[in-house]
Amino acid sequence: LLLENAQQLVLVCGRGEEYLLRDGCARLAVLRDASLVVGLDGRIKAVGQADVIRQQFSGAMFERRIDCSGKCVLPGLVDAHTHPVWAGDRVHEFAMKLAGASYMEIHQAGGGIHFTVEHTRKATEEELFSTFKHRLARMQRAGSTLVECKSGYGLNLEAELKMLRVIERAQRSLDIGISSTYCGAHSVPKGKTAAEATDDIVKNHLPKLRELKQSGEIHVNNIDVFCEKGVFDLESTRRILQAGKDIGLQINFHGDELHPMRSAELGAELGARAISHLEEVSDEGIAAMARAKCAAVLLPTTAYMLRLKQPRARKMLEEGVIVALGSDFNPNAYCLSMPMVMHLACVNMKMSMNEALAAATINAAYALGKSDTHGSIETGKQGDLLVINSSRWEHLIYQFGGHDSLIDYVIVKGKVVYQNERCGTMSSY
């Protein structure tokens, strides 16, 4: 594949960086009048000035050439936190929230996670795969080429494994990158105490997962726990995360969302790869995450929809934390668009557009342990790319909800997986 003559080629970073901190974001790498080549193996072979690439590949045959004159090429976006496998939407709860009910009030009234768990347990694997596939396609059309996908609406071993098999099937059959997360500790199942649920996970769920991982039936990358008051306390969270780490899973969990729990401090101590939410993180937790190179996955959609206070992105950036972004797509926060997440991060969390783009590419890839292959346009990395119909890349963030007209092509491993039917026939302005 040859993408040629791009007005802007947004590398994000170009020196093999694993992540960008605040100062690195300020110097985002952008080439003008540039081209890039992706080989048949799906890897980027060359990036550079259009005339240099033209000369270098003058004798080469390309399966496809795309003229990007007047357009921008960016790395595929990375969504570092989603819950996309479930049945039973919660549109009725949105009305309750608008009328003033809190997250925990809905939870205690039998709504929230338990409503979804009931429907997900009843759904067949085929039903779950069908809706999951459609959601991933919508994420992809909005520019996401690598998505973290959690289980967590089963809460018993059988239903959690059903969800993980659905994620595994998508990993094997769809043209989108997936990082799979076991989130059996998403809530305490009805009829169990948190201590009993913790024992069940550590003694039954994780040994079974280890067996399925070793046999190659299921590939799980991360372990997640909802560390929260009234859900899993710090000690239960520690036990589950450590047990997950012991079977080779990366720690990537929910922390300090509704109450200050010292989750960030715990994550830093355990060597967590990433912690999500952090609306109520302490100053000590922020400092500990910076020292431990533990990524903060911030979810501006959730704070917006639940009317929570916004995560302190500026404080984290100033303290040297690796800040990433996720959509937190779930029945409680229905957003499939990383461009909209970036826009909200800029407006509500006071991030710059450079910081938001880095957070949705290289830093989100780092949060998933994938920044060696994803998150920037560099030779040797996977050819996951977006072509947008604009002469400046910032339009992807500036135009709130405008990605459906802006994104002309989504490319995964050098293969065009989405082409806008209006491509070339309209202006994105």
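Residues numbered from 1 in each chain as written. Predicted model: local features only at pLDDT ≥ 70, side-chain atom pairs only at ≥ 80, totals over all residues. Heavy atoms only, no water.

Within an unreviewed UniProt entry, the label attached to the chain reads Probable imidazolonepropionase, and the organism entered is Semnornis frantzii. The UniProt entry for the chain carries the following text under Sequence similarities (unreviewed entry): "Belongs to the metallo-dependent hydrolases superfamily. HutI family." Database annotation for the chain, UniProt heading Pathway (unreviewed entry): "Amino-acid degradation; L-histidine degradation into L-glutamate; N-formimidoyl-L-glutamate from L-histidine: step 3/3." (UniProt positions renumbered as here; feature names shortened; annotations may be inferred.)

### Concerning the environment of Ile 44
Relative to the helices and strands, Ile 44 resides in strand E3 (residues 44-49). Spatially, the C-alpha atoms of Ile 44 and Lys 413 are 8.5 Å apart, while their sequence positions differ by 369 residues. Setting aside chain neighbours within four positions, we find Ile 44 in contact with Val 37, Val 38, Ile 377, Glu 378, Thr 379, Gly 380, Lys 381, Gln 382 and Gly 383. (Helix = DSSP H or I, 4+ residues; strand = E, 2+ residues; numbered from the N terminus. Contact = heavy atoms within 4.5 Å.)

### Looking at the UniProt feature "domain: Amidohydrolase-related" (unreviewed entry) in the chain
Per the UniProt entry, the sites bearing "domain: Amidohydrolase-related" (unreviewed entry) are residues 73-417 in this numbering. Secondary structure over residues 73-417 splits into 45% helix and 16% strand, and the C-alpha atoms at its two ends are 15 Å apart.

### Notes on the domain arrangement of the chain
Its domain assignment divides the chain into domain 1 (2-17 + 28-75 + 376-419) and domain 2 (77-368). Computed from C-alpha atoms alone, the centre-to-centre distance between domain 1 and domain 2 is 30 Å. Domain 1 puts 26 residues into the contact, and the matching count from domain 2 is 21 residues. Of the roughly 2000 Å² buried between domain 1 and domain 2 on both sides combined, carbon and sulfur atoms contribute 76%. Summed over the three residues of domain 1 that lose the most area to domain 2, namely Ile 397, Phe 400 and His 403, the buried surface amounts to 29% of that side. At the junction of domain 1 and domain 2, the tally comes to one salt bridge. As a salt-bridge pair, Asp 175 and Lys 415 come within 2.6 Å of each other at their nearest N and O atoms. Scanning the region where domain 1 abuts domain 2 turns up four residue pairs in polar contact (both at pLDDT 80 or more). Of all the elements in the fold, those that place two or more residues in the side of domain 1 that touches domain 2 are strand E1 (2-12), strand E5 (72-75), helix H17 (395-398), strand E15 (407-412) and strand E16 (415-419). Tallying contributions element by element places E15 first for the side of domain 1 that touches domain 2, with four residues. For the side of domain 1 that touches domain 2, the residue count by class is 18 nonpolar, three polar and five charged. (Domains from an automatic or database assignment. Buried area = accessible area lost by both parts, 1.4 Å probe. Salt bridge = Lys/Arg side-chain N within 4 Å of Asp/Glu carboxyl O. Polar contact = N/O pair within 3.5 Å; in protein donor to acceptor, adjacent residues only side chain to side chain. Nonpolar A, V, L, I, M, F, W, Y, C, P; charged D, E, K, R; others polar.)

### Points about the packing of aromatic side chains
Evaluation of the coordinates by the stated rule reveals five aromatic pairs. Aromatic pair Trp 86 and Tyr 334: ring centres 6.2 Å apart, planes at 85 degrees, arrangement edge-to-face. Of this pair, Trp 86 sits in the loop between strand E6 (77-79) and helix H3 (91-98) while Tyr 334 sits in the loop between strand E13 (323-325) and helix H14 (338-349); the two residues are 248 residues apart in sequence, bridging distant segments of the chain. In this structure Trp 86 comes out as buried when scored by relative accessible area, which is 2%. Classification of Tyr 334 by relative accessible area gives partly exposed; the value is 41%. Seen in terms of ring centroids, Phe 329 and Tyr 334 are 4.7 Å apart; in terms of plane orientation they differ by 85 degrees. Their pairing is edge-to-face. Overall, Phe 329 belongs to the buried group, its relative accessible area being 0%. Members of the aromatic cluster, connected to one another through ring pairs, are Trp 86, Phe 329 and Tyr 334. Looking at Arg 135, its charged tip hangs above the ring of Trp 86, at a distance of 3.7 Å from the centre. Here Arg 169 stacks its cationic end above the ring of Phe 129, 3.8 Å away from the centre of that ring. (Phe/Tyr/Trp six-rings, centres within 6.5 Å; stacked < 30°, edge-to-face > 60°. Buried < 20%, exposed > 50% of the residue type's maximum accessible area, 1.4 Å probe, protein only. Lys NZ or Arg CZ within 6 Å of the ring centre and 35° of its normal.)

### Overview of the pattern of salt bridges
Charged atoms that come close allow side chains of opposite charge to pair. This model, assessed by the stated rule, comprises 26 salt bridges. Its salt-bridge partner being Asp 224, residue Lys 150 comes within 2.8 Å of it at the nearest N-O pair. Note that Lys 150 is positioned in strand E7 (residues 144-150) and Asp 224 in strand E9 (residues 222-225), a separation of 74 residues in sequence. Just as Lys 150 is buried, Asp 224 falls in that class too. The shortest N-O distance in the salt bridge between Arg 238 and Glu 235 comes to 3.3 Å. Pair noted here: Arg 238 and Glu 235 are both in helix H9 (residues 234-246), with a separation of three residues, about one helical turn.

### A few points about the packing of H9 against helix H10 (residues 263-270)
Viewed as axis vectors pointing N to C, H9 and H10 meet at an angle of 25 degrees, and their least axial separation amounts to 11 Å. Put simply, H9 runs roughly parallel to H10. As for how H9 packs across H10, the hand of that crossing is right-handed. Each of Leu 234, Thr 237, Arg 238, Leu 241, Gln 242 and Lys 245 in H9 lies in contact with H10, whose residues at this interface are Ser 263, Leu 266, Glu 269 and Leu 270. Residue composition of the contact of H9 with H10, by class: four nonpolar, three polar and three charged. (Axes fitted to C-alpha atoms, helices over the stretch in contact; angles between N-to-C directions. Parallel < 35°, antiparallel > 145°, perpendicular 65-115°, else oblique. Left-handed = near helix turned anticlockwise from the far one by under 90°.)

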